[in-house]
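In case you want the letters, here they are:
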Amino acid sequence: MHTKTQPDDLQNYLTDASNMPGGFAEKLFVPESADEIGDILREANANRIPVTVSGARTGTVGGAIPFGGYVISLERLNKIKSIDKESMTAVVEPGVILADLQKAVDAEGLFYPPDPTEWSCQIGGTVATNASGARSFKYGATRDYVARLKVVLADGDVVELSRGDAVSSEGEPIMLSTTSGRKIEVKVPTYTRPNVRKNVSGFFNSRPLDAIDLFIGSEGTLGVITGIELKLLTKPEGFFSGIVFFEREADLLAFVDDVKEQSFVSRSAAVSAAVLRPSRPQSGAGRSRYSQRDAGVTLGASLLEYFDDRALKFISEKFPETPTGMAGAIFFEQETAEETEDALLESWNELIEKHNADVDRSWFTTTEEDREKMRAFRHALPVAVNERVVRNKQKKIGTDMAVPDAAFSSFLNFYKDTLNASGIDYVIFGHIGDCHLHANLLPKNGEEAETSRHLYGRFIAQAIMLGGCISAEHGIGKLKRKYLDAMMGERYLNEMAEVKRVFDPKFILGRGNILDENFV
């Protein structure tokens, strides 16, 4: 185990992608085993020393930033222990980089669906934050793929949880045991979660509640994850990708509604894990007319991403071929197989024409090379936005709320009406299939920055009023605690604190994440 105390050695561990200032710590530990983590935690717990768990520090809400105490970096627990094609599982340590796991799994003809933007993140971090991504529209978030966890608790004791091992009965607490034989009883919270497909706002809850789900998305506040077993799927065989441009937003939104409806029908007819054999790609990218319609095949998008007109203007700085005069665009992907490809492509073609897309200026492909170009198109937006932020010398204000399906159109209109009236530059983009869009506000001066923060609060309030959540994928960390208070209220925050108190009575882990330090 490496231990460091010099300021220069600690510096990289005092910040994350949020750029939250002021981080400091007394000591950095870089352990190489779960036993070493147990030793660190026993000492910290005995002396009430705060402990912050550090992964790749790609989070945007300050969760990995310490304010005193110890930092435990998991970077040396980085082994892929097994990939089992028969059981379709992978066993990994928390410091494994997502991109490395994806490559290793792909080489075995398997598929791990969670795809957060930063593939440089660590698997332990994705579990601790229940990370999702564009493919969550079809495949869900990390939670759906966690089969087993090994967790070191604040006092150094260990719990090993397989899904289904410790589940609450109706009205009864969860009962679990540590490896030392200690019994733990967890009272199930009474709050219900918003009716949205993506939500990482506070501790998970459900009826019944599986103990493993409390740790997933708990942001390092309940224990230190040291071992993970993940469920894998069979690798999809082929694909069809498109970026479809619309001159009228009403047509775009109707297209999205139609795609979602058909995709949900497709899922109900077959499990999401059922994938098909690869097709022979057509020669090059391009539009074509498709026949051989198979009435038994229903289209089902694996991702569905939105770009508003302002986002397209930003992207055109990197992709000048982007059509002008468009109200917005949708980036979609469809998985295919040799026996279904023609029918699926015809279904998409009909749907695109039905909703008055600008077919001649839209882009389609079945080749990997052009698929990567489309993904580069998508990722060109944050690059262009960040360049504008640097020029403006003001931080961007970005939203992360999700709302129920029935409220989505109203929420999007609220975004646009409010932002247009403010005169502040902005772009709106993101995961429209999950009713989860990001509005990035780009103030040019201090006055606009203050206005942007006020508008952010209004968007939070509107999302809550519509039955949504305040954070769909970024988490709460230290930066969004007050908004979690607005969403959950004192009673339910106290219930979360009671859950934490069971696993971490002295509140040493992830202090300041999710729950205010007043709960200590």
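What you see is a predicted model, and the numbers here were worked out from it, not measured in a lab.

Student: Would you take a moment to explain unusual backbone geometry for this structure?
Tutor: Most peptide bonds take the trans configuration, and most residues that are not glycine carry a negative phi. Residue proline 208 is reached from arginine 207 by a cis peptide bond, and omega for that bond is -5 degrees. Counting through the fold element by element, proline 208 comes out in the loop between β11 (183-186) and α6 (211-215). Even without glycine at this site, asparagine 19 takes up a positive phi of about 60 degrees. Inspection of the secondary structure assignment puts asparagine 19 in the loop between α1 (7-10) and β2 (27-30). Using a relative accessible area of 52% as the deciding quantity, one classes asparagine 19 as exposed. Of note, the phi angle at cysteine 435 is positive, near 55 degrees, even though the residue is not glycine. One can find cysteine 435 in the loop between β19 (426-431) and β20 (436-441).

Student: Explain the nonpolar core here, please?
Tutor: General note: in soluble globular proteins, nonpolar side chains tend to be found buried as a group. In terms of nonpolar packing, the biggest core is built from 108 residues, with Leu149, Leu176, Ile432 and Phe503 touching the most fellow members. Ranked by residues supplied to this core, first place goes to helix α13 (residues 481-503) with nine residues. In terms of nonpolar packing, the next biggest core, distinct from the first, is built from 23 residues, Ala329, Phe377, Ala384 and Val389 among them.

Student: What am I meant to see in the sheet that holds β20 here?
Tutor: Note on sheets: strands pair through backbone hydrogen bonds, and any given pair is parallel or antiparallel. With antiparallel pairing, the seven strands of this open sheet are ordered in space as β17-β14-β16-β15-β19-β20-β18. Each edge of the open sheet is held by one strand with a lone partner, namely β17 (363-365) and β18 (397-398). Across three bridges, the pairing between strand β14 (residues 238-246) and β17 is antiparallel. For glycine 242, the partnering residue across the bridge sits in β17 and is phenylalanine 364. In this fold helix α9 (residues 341-354) packs onto β14, β15 (301-308), β16 (328-336) and β17, with an angle of close to 165 degrees to the strand it touches most, β16. Sitting on the sheet, helix α10 (residues 368-392) is in contact with β14, β15, β16, β17, β19 and β20, with an inclination near 45 degrees to β14.

Student: Before we go on, may I ask you to explain the environment of proline 194 in this structure?
Tutor: With respect to the element layout, proline 194 can be found in the loop between β11 and α6. Ignoring sequence-local partners within four residues, the contact set of proline 194 consists of Asn199, Gly467, Gly468, Cys469 and Met487.

Student: Help me out: how do you make sense of the pairing of β20 in this one?
Tutor: Side chains on a regular strand alternate between the two faces of the sheet. Counting buried residues along β20, six of its six residues qualify, which places the element largely inside the surrounding structure. With burial as the criterion, each face of β20 is covered, one bearing His436, His438 and Asn440 and the other bearing Leu437, Ala439 and Leu441. Sheet analysis places β18 next to β20, joined by two bridges and oriented antiparallel. Note that in β20 the partner of glycine 398 across the bridge is asparagine 440. Of the pairings in the sheet, the one linking β19 to β20 comprises six bridges and is antiparallel in character. Pairing of histidine 431 across the sheet is with histidine 436, part of β20. Remark: four residues form the turn of the hairpin made by β19 and β20, two consecutive strands paired antiparallel; cysteine 435 in that turn has positive phi of roughly 55 degrees.

Student: Would you mind showing me how to read the state of the cysteines here?
Tutor: Among covalent bonds in proteins, the disulfide is the one between the sulfur atoms of two cysteines. Per the counting criterion, the structure on display carries zero disulfides. Among the cysteines around cysteine 435, which has no disulfide bond, cysteine 469 carries the closest sulfur, lying 11 Å off. For cysteine 435, a relative accessible area of 2% puts it in the buried group. Residue cysteine 469 is classed as buried on the basis of its relative accessible area of 0%.

Student: Hey, could you run me through the packing of helix α12 (residues 446-465) against α13 in this one?
Tutor: Between two packed helices, both the angle of their axes relative to each other and the distance between the axes serve to describe the pair. Closest axis-to-axis distance for the α12/α13 pair is 10 Å, and the angle between their directions is 25 degrees. Considered as vectors, α12 and α13 are oriented roughly parallel to each other. As α12 packs across α13, the resulting crossing turns out to be right-handed. Along its contact with α12, which presents Tyr456, Ile460 and Ile464, the element α13 presents Tyr483, Ala486 and Met487. Tallied by class, the residues present in the contact of α12 with α13 amount to six nonpolar, no polar and no charged.

Student: Please clarify how the confidence of the model for the protein chain should be interpreted in this entry.
Tutor: As a general rule, the predicted coordinates of low-pLDDT regions are not to be interpreted in detail. Scored by pLDDT, the protein chain has a mean of 92; 94% of the residues are at 70 or more. Here residues 271-295 scores under 50 on pLDDT; set against residues more than four positions off or in separate chains, the count is 67 contacts.

Student: Before we go on, may I ask you to explain the packing of aromatic side chains in this structure?
Tutor: In this description, a pair of aromatic rings is defined by centroid distance and the angle of the planes. Applying the stated criterion to the full structure yields 21 aromatic pairs. A centroid spacing of 6.5 Å and a plane angle of 85 degrees characterise the contact between phenylalanine 245 and phenylalanine 377, whose relative ring orientation is edge-to-face. Of this pair, phenylalanine 245 sits in strand β14 while phenylalanine 377 is found in helix α10, placing the two residues 132 residues apart along the sequence. Centre to centre, the rings of phenylalanine 411 and tyrosine 415 are 4.6 Å apart; their planes meet at 45 degrees, and the pair counts as tilted. Taken together, the positions of phenylalanine 411 and tyrosine 415, both in helix α11 (residues 408-422) and four residues apart, correspond to about one turn of that helix. By way of ring pairs, the aromatic residues Phe240, Phe246, Phe255, Phe332, Trp348 and Phe364 are connected into one cluster. Lying over the aromatic face of phenylalanine 204, arginine 143 brings its terminal NZ or CZ to 4.0 Å of the ring centre. Between the NZ or CZ atom of arginine 267 and the centre of the ring of phenylalanine 137, over which it lies, the distance is 4.5 Å.

Student: So what exactly am I meant to see when it comes to the sheet that holds strand β4 (residues 70-73) here?
Tutor: With respect to topology, four strands assemble into an open sheet ordered β1-β2-β4-β3, the strand pairing being mixed. Each edge of the open sheet is held by one strand with a lone partner, namely β1 (2-4) and β3 (51-54). Strand-to-strand twist in this sheet, taken as the mean axis angle between neighbours without regard to direction, amounts to 20 degrees. Here β2 runs beside β4; their pairing, made up of three bridges, is parallel. Paired with lysine 27 across the bridge in β4 is tyrosine 70. Against the sheet, helix α2 (residues 34-46) contacts β2, β3 and β4, and its axis sits at roughly 165 degrees relative to β4.

Calculation rules
- Residues numbered from 1 in each chain as written.
- Predicted model: local features only at pLDDT ≥ 70, side-chain atom pairs only at ≥ 80, totals over all residues.
- Heavy atoms only, no water.
- Helix = DSSP H or I, 4+ residues; strand = E, 2+ residues; numbered from the N terminus.
- Buried < 20%, exposed > 50% of the residue type's maximum accessible area, 1.4 Å probe, protein only.
- Core = buried A, V, L, I, M, F, W, Y, C linked by side-chain atoms within 4.5 Å.
- Pairing = 2+ DSSP bridges.
- Contact = heavy atoms within 4.5 Å.
- Axes fitted to C-alpha atoms, helices over the stretch in contact; angles between N-to-C directions.
- Disulfide = S-S within 2.5 Å.
- Parallel < 35°, antiparallel > 145°, perpendicular 65-115°, else oblique.
- Left-handed = near helix turned anticlockwise from the far one by under 90°.
- Nonpolar A, V, L, I, M, F, W, Y, C, P; charged D, E, K, R; others polar.
- pLDDT = per-residue confidence, 0-100.
- Phe/Tyr/Trp six-rings, centres within 6.5 Å; stacked < 30°, edge-to-face > 60°.
- Lys NZ or Arg CZ within 6 Å of the ring centre and 35° of its normal.

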